[in-house]
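Residue-level structural notes
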Amino acid sequence: MSQLKAVIFGAIGTIAETSDIQRQAFNKAFQAAGLDWNWNAQTYRDLLKLNGGQKRIRAYRDANLANGEIADAMIADLHQAKTTDYVAMLDRADLQPRPGVVELIDACIHQNIQVAFCTSTSRENVNGLKAALAGILPFERFTTIVTIDRIDRVKPAPDAYLYCLQQLGLNADEAIAIEDTPVSMAAAQTAGICTIATPGAATSGQDFSAADLLVPDLTGMSVDGLSALLARQPAAVSI
């Protein structure tokens, strides 16, 4: 039986609820570029089935040809503008961690369990979250932080998690991942990691049936509970 040695938070949305801030930032970038696009809450929920902002913009472009051809280079520019707006909006928001996040991190550190942050978003977005939660959640507690600049393929490819495990010096069956979307959850599970799903406001209606454990948030989650969950999992298969 493997011993729990790390808890890996797999996305910004597992730490803080920022989905609507991101949606607003996309819309602001579209408006600044002279596009008549406006993503409402349901549109954004649907687009979150894809991982990565540029993929979402591209998918929306391809489904809305009446707006004319938008080159991939413009998609990259739109996404960068969205990122800049998002970070500025985070700085002005009264952002709080999702329930149970700080308490679980405290418990892990107290029991010498490593904590990591493994996302395929940009370092700029992570730094924005870090600044927004300054004094509430110290990011120096994360043993490693994986961002898109460290990997070749974004989730659902397992690259981010495989790199994270390498940085932690652990095998897949010594860690538990926490994810908030099915597409990101698939990345952890493809890497052989036991995965807890904590859907956010924009992903609560998606299919999380493949999760090893599905919970609304991390309230009351303990290291003992995580260890018991890990003990019930079959040995990880190397890929």
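Reading the values: rules and limits
- Residues numbered from 1 in each chain as written.
- Predicted model: local features only at pLDDT ≥ 70, side-chain atom pairs only at ≥ 80, totals over all residues.
- Heavy atoms only, no water.
- Helix = DSSP H or I, 4+ residues; strand = E, 2+ residues; numbered from the N terminus.
- Rg over C-alpha atoms; globule rule 2.2 N^0.38 Å.
- Buried < 20%, exposed > 50% of the residue type's maximum accessible area, 1.4 Å probe, protein only.
- Core = buried A, V, L, I, M, F, W, Y, C linked by side-chain atoms within 4.5 Å.
- Contact = heavy atoms within 4.5 Å.
- Lys, Arg positive; Asp, Glu negative; His and termini not counted.
- Salt bridge = Lys/Arg side-chain N within 4 Å of Asp/Glu carboxyl O.
- Phe/Tyr/Trp six-rings, centres within 6.5 Å; stacked < 30°, edge-to-face > 60°.
- Lys NZ or Arg CZ within 6 Å of the ring centre and 35° of its normal.
- Pairing = 2+ DSSP bridges.
- Axes fitted to C-alpha atoms, helices over the stretch in contact; angles between N-to-C directions.

**Description of the overall build of the protein**
On a plain count of helices and strands, the protein comes out with ten helices and six strands. Here the protein has a C-alpha radius of gyration of 18 Å; the compact-globule value for 239 residues is 18 Å, and the two agree. With the principal axes as the frame, the protein shows a C-alpha extent of 55 × 40 × 30 Å. Counting all 239 residues of the protein, 51% fall into the buried class.

**Some details on the nonpolar core**
If you look at the biggest cluster of nonpolar residues, it comprises 38 residues, and the most contacted ones within it are Phe-9, Phe-117 and Phe-142. Leaving out residues up to four positions away in the same chain, Phe-142 has contacts with Phe-9, Ile-15, Ile-105, Val-115, Ala-116, Phe-117 and Leu-137. Among the nonpolar cores identified, the runner-up in size contains 19 residues, and Ala-6, Cys-164, Ala-188 and Ala-191 belong to it.

**Section: the environment of Thr-144**
Summarising the element assignment, Thr-144 is placed in strand S3 (residues 144-146). For Thr-144, the contacting residues outside a window of four places in its chain are Val-115, Ala-116, Phe-117, Cys-164, Gln-167 and Leu-168.

**Considering the side chain of Asp-180**
Of note, Asp-180 is situated in the loop between strand S4 (175-179) and helix H9 (182-190). Buried charged residue Asp-180 carries no salt bridge. Nearest counter-charge: Arg-98, at 5.2 Å. If we skip the residues at most four places from it in the chain, Asp-180 touches Ala-11, Gly-13, Thr-14, Arg-98, Thr-198, Pro-199, Gly-200, Thr-203 and Phe-208.

**Things to note about the packing of aromatic side chains**
Counted under the stated rule, the structure contains twelve aromatic pairs. Geometrically, the ring pair formed by Phe-30 and Trp-39 is edge-to-face, given 4.9 Å between the ring centres and 70 degrees between the ring planes. Judged on exposure class, the residue Phe-30 and its partner Trp-39 are both buried. Taken together, a centroid distance of 4.9 Å and an interplanar angle of 70 degrees make the contact between Trp-37 and Tyr-60 edge-to-face. One end of the pair, Trp-37, is in the loop between helix H2 (19-32) and helix H3 (41-47); the other, Tyr-60, is in helix H4 (residues 53-63), and 23 residues separate them in sequence. Each member of the pair, Trp-37 as well as Tyr-60, carries the same accessibility label: buried. Through successive ring pairs, a cluster of aromatic residues spans Phe-26, Phe-30, Trp-37, Trp-39, Tyr-44 and Tyr-60. One Lys or Arg, Lys-82, reaches over the ring of Tyr-86 and ends 4.8 Å from the middle of that ring.

**Quick look at the pairing of strand S1 (residues 6-9)**
Side chains of S1 alternate between two faces, with Ala-6 and Ile-8 and Val-7 and Phe-9 buried alike. Where S1 lies against strand S2 (residues 114-118), four bridges are found, and the strand directions are parallel. From the neighbouring strand, Val-7 faces S2, where its bridge partner is Val-115. Bridge analysis of S1 against S4 gives four bridges, and the strand direction is parallel. Note that in S4 the partner of Ile-8 across the bridge is Ala-177.

**Things to note about the sheet that holds S3**
On the basis of which strands lie adjacent, the open sheet formed by six strands has the order S3-S2-S1-S4-S5-S6 and parallel pairing. Single-partner strands in this sheet number two, and they are S3 and strand S6 (213-214). The pairing of strand S5 (residues 194-197) with S6 spans two bridges and is parallel. Bridge pairing in S6 links Ala-197 to Leu-214. Packing against the sheet, H9 makes contact with S4 and S5, and its axis sits at approximately 165 degrees to S5.

**So, the pattern of salt bridges**
For side chains bearing opposite charge, pairing can occur when the charged atoms are close. This model, assessed by the stated rule, comprises nine salt bridges. One salt bridge in this structure joins Asp-62 and Arg-61, with 3.0 Å as the shortest N-O distance. On the basis of relative accessibility, which here comes to 46%, the residue Asp-62 falls in the partly exposed class. On the basis of relative accessible area, Arg-61 is assigned to the buried category, the value being 15%. One network of salt bridges, in which partners are shared, links Arg-58, Arg-61, Asp-62 and Asp-72.

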